[in-house]
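Per-entry structural report
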Protein chains: 2
Amino acid sequence: MLAGRMNNLTPYVPGEQPQDGVYIKLNTNENPYPPTPRIKEFLSGMDIARLKLYPEPTSKLLREAIAEAEGLSPEKVFIGNGSDEVLSFVFFGFFDGANGPLQFPEFTYSFYPVYSQFYDIPYTKVSLRDDFSIDINDFASTGTTGIILPNPNAPTGIGLPLADIRKLLEKTDRDRLVAVDEAYIAFGGETAVPLIEEFDNLLVIRTFSKSSSLAGLRLGYALGNEKLVNALTTVKDSFNSYPVDFMAQKCGELAVRDIEYGRDVIQKIIATRERFVGEAAKLGWYILPSSANFVFARKDGISGKEIYTKLKERKILVRFFDKAGISDFVRITIGTDTEMDSLLAAMKML
Amino acid sequence: MLAGRMNNLTPYVPGEQPQDGVYIKLNTNENPYPPTPRIKEFLSGMDIARLKLYPEPTSKLLREAIAEAEGLSPEKVFIGNGSDEVLSFVFFGFFDGANGPLQFPEFTYSFYPVYSQFYDIPYTKVSLRDDFSIDINDFASTGTTGIILPNPNAPTGIGLPLADIRKLLEKTDRDRLVAVDEAYIAFGGETAVPLIEEFDNLLVIRTFSKSSSLAGLRLGYALGNEKLVNALTTVKDSFNSYPVDFMAQKCGELAVRDIEYGRDVIQKIIATRERFVGEAAKLGWYILPSSANFVFARKDGISGKEIYTKLKERKILVRFFDKAGISDFVRITIGTDTEMDSLLAAMKML
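These remarks concern the structure in this document.

The rules behind each value
- Residues numbered from 1 in each chain as written.
- Chains lettered and ligands numbered in written order.
- Predicted model: local features only at pLDDT ≥ 70, side-chain atom pairs only at ≥ 80, totals over all residues.
- Heavy atoms only, no water.
- Salt bridge = Lys/Arg side-chain N within 4 Å of Asp/Glu carboxyl O.
- Helix = DSSP H or I, 4+ residues; strand = E, 2+ residues; numbered from the N terminus.
- Buried < 20%, exposed > 50% of the residue type's maximum accessible area, 1.4 Å probe, protein only.
- Least-squares fit on C-alpha atoms with pLDDT ≥ 70 in both.
- Contact = heavy atoms within 4.5 Å.
- Pairing = 2+ DSSP bridges.
- Axes fitted to C-alpha atoms, helices over the stretch in contact; angles between N-to-C directions.
- Core = buried A, V, L, I, M, F, W, Y, C linked by side-chain atoms within 4.5 Å.
- Parallel < 35°, antiparallel > 145°, perpendicular 65-115°, else oblique.
- Nonpolar A, V, L, I, M, F, W, Y, C, P; charged D, E, K, R; others polar.

Residue and element names in this part refer to chain B. Scanning the model with the defined rule gives 47 salt bridges over all chains in all. The closest approach of N and O atoms between Asp 258 and Arg 38, which form a salt bridge, is 3.5 Å. One end of the pair, Asp 258, is in the loop between helix 7 (246-257) and helix 8 (259-282); the other, Arg 38, is in helix 1 (residues 38-45), with 220 residues separating them in the sequence. The exposure class of Asp 258 is buried, given its relative accessible area of 10%.

Further remarks concern the relation of the copies chain A and chain B. Think of it as a corkscrew move, a rotation about one axis and a shift along it, taking one chain copy to the other. For the pair chain A and chain B, the relating rotation is 180°, the translation along its axis is 0.0 Å, and the fit reaches an RMSD of 0.0 Å. Each copy turns onto its partner about a two-fold axis. Taking the C-alpha atom as reference, chain A places A:Ser44 closest to the rotation axis, 2.0 Å from it. Here 100% of the contact residues of chain A are again contact residues in chain B; the copies associate through an equivalent surface.

What follows concerns the sheet that holds strand 10 (residues 294-298) of chain A. Residue and element names in this part refer to chain A. Ordered by their spatial adjacency, 4 strands build an open sheet running 9-10-13-12, and the pairing between neighbours is antiparallel. With one partner strand each, in any of the chains shown, strand 9 (286-287) and strand 12 (319-320) form the two edges of the open sheet. Sheet analysis places strand 10 next to strand 13 (residues 330-333), joined by 4 bridges and oriented antiparallel. Bridging from a neighbouring strand, Val 295 pairs with Ile 332 of strand 13.

What follows concerns the side chain of B:Asn151. Residue and element names in this part refer to chain B. Position of Asn 151 among the secondary structure elements: in the loop between strand 5 (146-150) and helix 5 (162-171). In this structure Asn 151 comes out as buried when scored by relative accessible area, which is 1%. With near-sequence residues (within four places) excluded, Asn 151 lies in contact with Ile 158, Gly 159, Leu 160, Ile 165, Val 180, Asp 181, Glu 182, Ile 185 and Glu 190.

Right, let's get into the sheet that holds strand 8 (residues 220-224) of chain B. Sheet strands associate in pairs through backbone hydrogen bonding, adopting either a parallel or an antiparallel arrangement. All names here are of chain B. Pairing is mixed across the open sheet formed by 7 strands, whose spatial order is 2-8-7-6-5-3-4. At either margin of the open sheet sits one strand with a lone partner, and together these are strand 2 (77-80) and strand 4 (123-126). If you compare each strand with its neighbour and ignore which way they point, the axes differ by 20° on average. Packing against the sheet, helix 2 (residues 60-70) makes contact with strand 2, strand 7 (202-207) and strand 8, and its axis sits at approximately 130° to strand 2. Against the sheet, helix 5 makes contact with strand 5, strand 6 (177-181) and strand 7, and its axis sits at roughly 160° relative to strand 6, the strand it touches most.

Another aspect to go through is the nonpolar core. In terms of nonpolar packing, the biggest core is built from 110 residues, with A:Leu43, A:Met247, B:Leu43 and B:Met247 touching the most fellow members. Counting residues in each nonpolar core, the second largest holds 70 residues, with A:Leu102, A:Phe104, A:Ile148 and B:Leu177 among its members.

Attention now goes to the packing of helix 6 (residues 226-239) of chain A against helix 4 (residues 111-118) of chain B. Where helix 6 of chain A meets helix 4 of chain B, the closest approach of the two axes is 8 Å, and the angle between their N-to-C directions is 120°. Taken together, the axis directions place helix 6 of chain A and helix 4 of chain B in an arrangement best described as oblique. Where helix 6 of chain A abuts helix 4 of chain B, its residues A:Val235, A:Asp237, A:Ser238 and A:Phe239 lie against B:Phe111, B:Val114, B:Tyr115 and B:Phe118. The residue inventory of the contact of helix 6 of chain A with helix 4 of chain B, partitioned by class, reads 6 nonpolar, 1 polar and 1 charged.

Given below as structure tokens:
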């Protein structure tokens, strides 16, 4: 066996991605609706000779579109190959462990401990309340290398009010990064973007995979002070100069600019979620309050793994987490109304 | 200023990428011809609803296409977001510096020292012969963390015979990786792929950016023993589970399978290179023997920087390297015949 760091890694395990189309896929928080039809139009008319050239290395036009949508300058926008790559750069660049451990919630995105191991960053987990909500008071204000938390949190779906994010920023050392992972913010959360001007140690991370129906394209971004964005650019240019391809930049721009289409899709998903939560409650299921495009659900007397297995037999994929404290739950992505009706029918049988 | 590792980085500086189309671009070794027309057909008919789902995480179909073309099993193929990402994973995964420094040629791809710094890997540079060729005898056979070299080398364009690569593998400790970066192999080099079955510590890295005219798409790959590919997959899954998007996987597959088109493009570039080298020699230029889609050229009495500047005034971009030992040279990408004629006309004026 060769020597090397690869011998000491435990990789992230993403949800199943069957390619045969026989499952109702409610396991990886994809959007059930297609992306803006403007992408179809663009791809049909595209001059493929453009692909012979390297893409613009900073995703300039896409940054400008996002900046306009968010009311920020383009210098406050960084683009990466999915928000997982952006997060990876954040962990490498800002969390060196020199001042203490990284802090993140006990139950959260399971890639965080993987990045921490990858970059050799010590970390501590901050316990949740009994109702699985985050208590900002439990984060240390000093002696950490930084803080990362998703809002809404995953896999719980629970959102934090902006006032809590502000409180966290106010109490945290200003030379430590506070990263707010807003992958699911569009589905009902309160964004921290308005705090960027005030806090130069706040970075907000977003993705095109959920609200923009573009998981297949690999696009994510970060919003924050110019110094943070410049630092991320330096990290990118030390790892891979051109991680975002020409078509991804262009399709992302089209999605950002089709505001009305994006809003309609999100409203449909929220409406379906609320209807589903009501129906599931009638069936005796317990569901955490969700501000995301998924819900975290359980039913007395059956484990998460059993729910997963029995639904899979009925060709419905959901996700369970084999971890003490949340092993009774499954995470269910909100699909179309038809898909959720099929799920409800299957849930009645459990 | 925030604390963090990003404060200690000197990033790679890629060649200029002007987006306005006014330059003859001979500076970043792009292919002057468009990719296979099958990509046009695919994109025109593509069901964009597929983009709402994550891509297949291992690029299975693309791996199968490459495996078939190379006469290997798909388990010996790893796909990444450009060969720069693949190289980055190689540096992280295999070169930990524990057994000694990494070795690479003195004049070579300038991203190697950047990766080394990024991942904190000590390195030593192996001097070239006076004619800028690599002498395999100058690499240490033990006491290193591994070896990486491009074949053909960049920016010289000089290829190494397969017998030399074999000699290097035979003398190197078998628990150390030998990485051969074959970004330019299609333009006349001798590939090391036939040695993969024999040497389980050999990894060959390739890109779609040069011979396949797909720099805009970001696709690279590695070929090697299953254990090496599994290690790279572990690294990828600790960094970003889905770095290769759906369209890149599909377009890459179409390019690999259109063997005839790819061969024609490569033959045209080789023919143009040979003609250009002959004409440039008549003008008194000295050009290193090239097996790549670029040449490394100089002319007595004028520095590389001057050549670059004067050609840029004439709207032709080439690349110079401000480094002792090669500062007299410019690296010139082989474009179309028309582009090279414009360059030759401008060279007459220097």
